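# A closer look at the structure
Listed below are the residues making up each chain.
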Amino acid sequence: MTGICSMTANHEELRWYDLFSRGARDWLRHNQKMREQLLHGLPRILSQADSLGNLGNRKVQIPVKVLEHYRFRLNQDSDNTGVGQGQVTAGDVLRPADRQRSGGGGNEDGGLEFRVEMKIDEVVEWLWQELALPDLKPKHDTAMDDDDWVREGLDKKGPRARLDRRRTMREAIKRRSSTGSAAAIINDDLRFRQLRRRPTPATQAVCLFGLDASGSMGNRERQLAKSFFFWALEGVRRQYPKLEGAFVAHTVEAWEFSEEEFFQVAGQGGTVASACFNRVASMVAERFDPSRYNIYFFYASDGENFSDDREAATAGLRQIASAANYMGYVEVGSPRIPLDTETGRIFADVIAEGGQGAGFAVQREEDVFEAIRVFFSHEAAHGVH
Amino acid sequence: MSNESLYLEKIEDLARGFGLDYFPVRFQSVPPSFMTEVAVYGLPVRMPHWSFGVRYIYQLIQHRMGHSHIFEVVVPGDPGQAFLADTNNEAENTLVLAHVLGHADFSKNNLLFRRTQEQVGYHIVEQAAAHAYQINQAIEKYGQARVERVLDAALSLEQHIDTHMDLRRVPYPSEEEVTPAPSQDPFRERLARLAPRDTGEQASDEPGGPAGSARRRSVPVPPHPETDLLWFIAHYAPDMEPWERDIFLAVRQESFYFQPIFACQIMNEGWASYWHARLLREASFLPQDLYLEAIKTHSDVVRPYAADEQISLAINPYHLGFVLWDRLIEEGGIAAARRVMTEEDDAGFIRNHLDQALAKELKLFQYRQRRNGEITAADMDLDAIKEDLLRAKYNFGAPHIVVDSIRRDGCLMLRHDHQLDGRGLDPDAANHVLEYIQQVWRRGVRLQTINKRGQEEWLGIEDTT
């Protein structure tokens, strides 16, 4: 027979559904998936900025949409009809046209959309975690060390200027409460900060970027290079607070540019990589003394180089290799066999001789992070010690 | 809750007096957060999937904005289970108890409910919990990413089942009898029929037998266009692993349970609303102020428009169903209404019982939404109104997609019946779904539909291996 089995309303008892929320669990999973998608989209989103310099406020805004779990559905392109209820006469306008929706699909509205603002530093930190990248290794040769004064310990004697009032007061209070003496401060209470001269490893660094600006480098290639350079720069900056950047673009000649101008450069004609390498090598010699600077060199090209230039370019690159912590070659073209190009072989030769570095082919935006991962994990494993 | 328990007993007596017939119902008082989750998942415990998280957030936002208040959720079965919000006051709870009895009566007697309940076994709550457990085990064993790929596919095909067939379907026969062409010679025909018996062979049971092979031939798979995509993929995917099939079949079973709830929503909510109103009206034992408050709640639930509006662009199924049942019972009596309740689903209910007079009284109208978002009232044509009310209800609310064949290279060939649906598929969404399917089918997956210009179009992925 029918009847009621139970009518529970015992609020004391802790029930299983109080322990966790399934809705929240699945929402968190959704957010995790969105995070992953965002990560893949980041290089593209960020490379749309006009220059790396425009990220000067060091924040990016990323529009995100709730992920859709797709189902088969009919085309919504034509006019739709529905049933309503209320006192109307045929022809009444129940809702005016929406000026923003100038003929787009009828299914656009209703999606939850929000903007995520991220600090570049946080993105980089997060990226490094996601890619499980180790820290860079600065040079540790004593010859490259700087001497610096560092504060170290306290003493009862010292110049008046370095009197630590806080510590002194603390000593006085300790003494008064333990001995019961009434004297406010005696000589024994005084504490002075001590300085000592200590060698610190060089923390200055420079990122030198070389960009092939020849006619064969199209917009797409340039965009890929820019994406990569941005993340490489941020990755190095993560390690070195005092980071300088230097930008060299070249065709058959090489010029140094400011960061803003660098990515606007579009050259004509062929590629002579030695022009760039020599220019970078002389900049290192003149401005970035290897004993004081950690030097990172990144070079982006579609891999085409005049074969006459092979020897000169190899020599130039060798010179850079002797000074640099690391050299990364990013190939942004789409040759039949990636890295099997003039430039790719030059890098491979110099690296085989003992230069620190690696080459990586970047053909789509998604590859940019992979390139970053390869370079930065490689650098940490084989970097100068 | 002691007062409510007391009322409930008397309300049940009343209900039985009116001929309501239902399985016992277990009532549970639960916090609003739990109500939200049951409403989102459809069941108290259900398999984890990120898409439920999205629905959950939408529901929370709706709730915060005051657009939705969930008093109760009923899960039909034997026993049925009813969850009441523990924030309901006494009057609301009394109303909700009577409402639940209406649902319990409906789900025990409506044929569509009866059929799928018999198939599923009246214990969906426990079964869904077992599915959730099974899927959590799979996540531990095979990792979240792999299980999620299967669920992405299975849940996106949730509506593509065939409840006309049994839940536990046998695979197609791999061969079929060939009916021989009518013979010109009656004697030879008789001889042929006699021949096996003469030789002592049981030819018809032995496909390898000489006489058997002559009468049988292998059948293409599927032998006819197949609408149960979940079943078909689970049984015929070339490289699906057993645990992946189990997930597909788990989703399919829950889908069988959900189908009548979807197909009878207007009838079911209307029926429950009619009975909570009727039972409370007849319940002379209720204190006057409690009755008044309960009836106020009733009119909040069963109203066509939001509180401060005069026009609504969506139909409240509680209201429409309530008015239709009220009219049917007034005109034909309870017994006749019960027959309708037993036999129809929303399609039959609306087509057969919504007439011109009632549509006018309800002020139903058809509206047209243009691509720029402008909405205008169209006209009051009854047939157009009925079709628009029902359009979203056909085929479990999904486009008609069938499996046509498996190509020789293993590619799954799907076809969209665009003539039935009147237009083509959204190609972007369809391609995403085909990608989900491809992850479990592990060969190419192709789908034929029409594009916006009405031309035939093929979507999907060719095999890449």
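Since the structure is predicted, the reported quantities are computational estimates derived from the model, not experimental observations. (Residues numbered from 1 in each chain as written. Chains lettered and ligands numbered in written order. Predicted model: local features only at pLDDT ≥ 70, side-chain atom pairs only at ≥ 80, totals over all residues.)

Another point: the overall build of chain A. Along chain A, the regular secondary structure elements total 10 helices and 13 strands. By the burial criterion, 31% of the 385 residues in chain A qualify as buried. Of the contacts formed within chain A by residues at least 6 apart in sequence, a portion of 81% connects residues at least 24 apart. (Helix = DSSP H or I, 4+ residues; strand = E, 2+ residues; numbered from the N terminus. Buried ≥ 20, exposed ≤ 12 C-beta atoms within 10 Å, placed from the backbone. Contact = placed C-beta atoms within 7 Å.)

A count of helices and strands for chain B gives 19 helices and 12 strands. Seen through its C-alpha atoms, chain B measures out along the principal axes to roughly 85 × 55 × 55 Å. The burial tally for chain B puts 39% of its 465 residues in the buried class. Long-range contacts, defined here as pairs at least 24 residues apart, represent 73% of the contacts in chain B between residues at least 6 apart.

Let us now look at helix α7 (residues 273-287) of chain A. All names here are of chain A. In this model, α7 (15 residues) spans 21 Å end to end at C-alpha, consistent with the 21 Å of a helix rising 1.5 Å per residue. Within α7, burial applies to Ala-273, Ser-274, Ala-275, Cys-276, Phe-277, Asn-278, Arg-279, Val-280, Ala-281 and Val-284. Elements that come into contact with the buried residues of α7 comprise β8 (204-212), β9 (242-250), β10 (254-257), β11 (293-301), α8 (310-323) and α9 (342-352). (Expected span 1.5 Å × (residues − 1).)

Our focus in this paragraph is helix α5 (residues 111-120) of chain B. Residues and elements named next belong to chain B. Considered for burial, the residues of α5 that qualify are Leu-112, Phe-113, Thr-116 and Gln-117. In an axial view of α5, the angular spread of the buried residues amounts to 120 degrees, which keeps them on one side of the axis. Where α5 is buried, its residues meet α4 (90-109) and α11 (242-263). (Arc of directions from axis to C-beta.)

Entries for chain B in the domain assignment read domain 1 (2-110 + 264-353) and domain 2 (397-461). Here the C-alpha centre of domain 2 of chain B lies 38 Å away from the C-alpha centre of domain 1 of chain B. (Domains from an automatic or database assignment.)

Let us look at the sheet that holds strand β7 (residues 364-369) of chain B. As summarised here, the arrangement of the five strands in space is β4(A)-β8(B)-β7(B)-β3(A)-β6(B), forming an open sheet in which the pairing is antiparallel. Among the strands making up the open sheet, the edge pair consists of β4 (93-95) of chain A together with β6 (311-312) of chain B. (Pairing = 2+ DSSP bridges.)

On domain assignment, one finds that chain A holds domain 1 (147-200) and domain 2 (204-382). Between the C-alpha centres of domain 1 of chain A and domain 2 of chain A there is a distance of 53 Å.

This part takes up the environment of Tyr367(B). Checked against the element boundaries, Tyr367(B) lands in strand β7. The class for Tyr367(B) is buried, based on 22 C-beta atoms found within 10 Å. Sequence separation between Tyr367(B) and Leu313(B) is 54 residues, and the spatial gap between their C-alpha atoms is 8.1 Å. Once you skip the residues sitting within four places of it in the chain, Tyr367(B) turns out to touch Thr81(A), Gly82(A), Gly84(A), Leu94(A), Leu313(B), Ile375(B), Thr376(B), Ala377(B) and Ala378(B).

Turning to the sheet that holds strand β11 (residues 445-450) of chain B, a few remarks are in order. All names here are of chain B. Strand order in the open sheet made by the four strands is β9-β10-β11-β12, with mixed pairing throughout. Every interior strand has two partners, whereas the edge strands, β9 (401-406) and β12 (456-461), have only one. Within the sheet, the average angular offset between the axes of one strand and its neighbour, ignoring direction, is 25 degrees. Examined bridge by bridge, β11 and β12 share six bridges and lie antiparallel to one another. (Axes fitted to C-alpha atoms, helices over the stretch in contact; angles between N-to-C directions.)

What follows covers the confidence of the model for chain A. Residues and elements named next belong to chain A. Here chain A averages 78 in pLDDT, while 74% of its residues score no lower than 70. Across residues 1-12, confidence stays below pLDDT 50; counting only partners more than four residues off in sequence or on other chains, it has 18 contacts. This model gives residues 101-110 a pLDDT under 50, and the stretch forms 13 contacts once residues within four places in sequence are excluded. (pLDDT = per-residue confidence, 0-100.)

Let us look at the pairing of strand β12 (residues 326-331) of chain A. Residue and element names in this part refer to chain A. Among the six residues of β12, six are classified as buried, and the element is accordingly described as predominantly covered. With burial as the criterion, each face of β12 is covered, one bearing Tyr-326, Gly-328 and Val-330 and the other bearing Met-327, Tyr-329 and Glu-331. Read as a crossover between parallel neighbours, the route from β11 over α8 to β12 is right-handed. In terms of handedness, the path from β12 via α9 over to strand β13 (residues 357-361) forms a crossover that is right-handed. (Right-handed = clockwise from strand over helix to strand, strands pointing away.)

The next thing to look at is the interface of chain B and chain A. Chain B puts 70 residues into the contact, and the matching count from chain A is 53 residues. At seven residues, the largest contribution of residues to the side of chain B that touches chain A is made by helix α3 (residues 50-64) of chain B. In terms of residue class, the side of chain B that touches chain A is made up of 38 nonpolar, 18 polar and 14 charged. The pairing of β4(A) with strand β8 (residues 375-377) of chain B spans two bridges and is classified as antiparallel. (Nonpolar A, V, L, I, M, F, W, Y, C, P; charged D, E, K, R; others polar.)

This brings us to the nonpolar core. Core analysis: the largest hydrophobic core is formed by 116 residues, its most contacted members being Ile11(B), Leu101(B), Ala154(B), Leu230(B), Ile233(B), Ile247(B) and Ile437(B). With residues near it in sequence (within four places) discarded, Ile11(B) still touches Leu97(B), Ala98(B), Leu101(B), Leu279(B) and Ala283(B). Counting residues in hydrophobic clusters, the runner-up holds 62 residues, among them Cys207(A), Ala273(A), Ala324(A) and Tyr326(A). (Core = buried A, V, L, I, M, F, W, Y, C linked by C-beta atoms within 7 Å.)

Residues and elements named next belong to chain B. Interhelical geometry of helix α12 (residues 265-282) versus helix α15 (residues 346-353) gives an angle of 75 degrees and a closest axis separation of 7 Å. With respect to α15, the element α12 is oriented roughly perpendicular. Across the interface between the two elements, Gln-265, Ile-266 and Met-267 from α12 touch Asp-346, Phe-349 and Ile-350 from α15. (Parallel < 35°, antiparallel > 145°, perpendicular 65-115°, else oblique.)

Between two packed helices, the angle of one axis relative to the other and the distance separating the axes together describe the packing. Residues and elements named next belong to chain B. Running from N to C, α12 and helix α14 (residues 317-343) point in directions that differ by 75 degrees, and their axes come no closer than 7 Å. When the axes of α12 and α14 are compared, the pair comes out roughly perpendicular. Residues Gln-265, Ile-266, Met-267, Glu-269, Gly-270, Trp-271, Ser-273 and Tyr-274 of α12 form the contact with α14, whose own contacting residues are Pro-317, Tyr-318, Leu-320, Gly-321, Phe-322, Leu-324, Trp-325, Asp-326 and Met-341. Considered class by class, the residues forming the contact of α12 with α14 number 11 nonpolar, four polar and two charged.

Let's shift gears to the confidence of the model for chain B. Residues and elements named next belong to chain B. Mean pLDDT for chain B: 89, with 93% of residues reaching 70 or above. Within chain B, the lowest mean pLDDT, 51, falls on helix α9 (residues 210-215), and the highest, 97, falls on strand β10 (residues 412-416). The model gives residues 198-213 a pLDDT under 50, and that stretch makes 17 contacts with residues more than four places away or in other chains. The ipTM assigned to the predicted complex is 0.88, against a pTM of 0.70.

A separate point is unusual backbone geometry. Glycine aside, the phi torsion of most residues is negative, and most peptide linkages are trans. Residue and element names in this part refer to chain B. The omega torsion of the bond from Asp-78 to Pro-79 falls at 5 degrees, within 30 degrees of zero and hence cis. Among the structural elements, Pro-79 can be located in the loop between β2 (72-75) and β3 (80-85). Residue Pro-222 is reached from Val-221 by a cis peptide bond, and omega for that bond is -10 degrees. Tracing the chain through its elements places Pro-222 in the loop between β5 (216-218) and α10 (229-236). Phi is positive for Asn-395, close to 50 degrees, though the residue is something other than glycine. Assignment of secondary structure puts Asn-395 in the loop between α17 (382-391) and β9. At Arg-442, a residue that is not glycine, the phi angle is positive and equals roughly 65 degrees.

Here we take up the environment of Ala272(B). Residue and element names in this part refer to chain B. Looking at where Ala-272 falls in the secondary structure, it is placed in helix α12. A C-alpha to C-alpha distance of 21 Å links Ala-272 and Val-30, two positions 242 residues apart in sequence. Once residues within four sequence positions are removed from consideration, Ala-272 is found in contact with His-99, Gly-102, His-103 and Phe-106.

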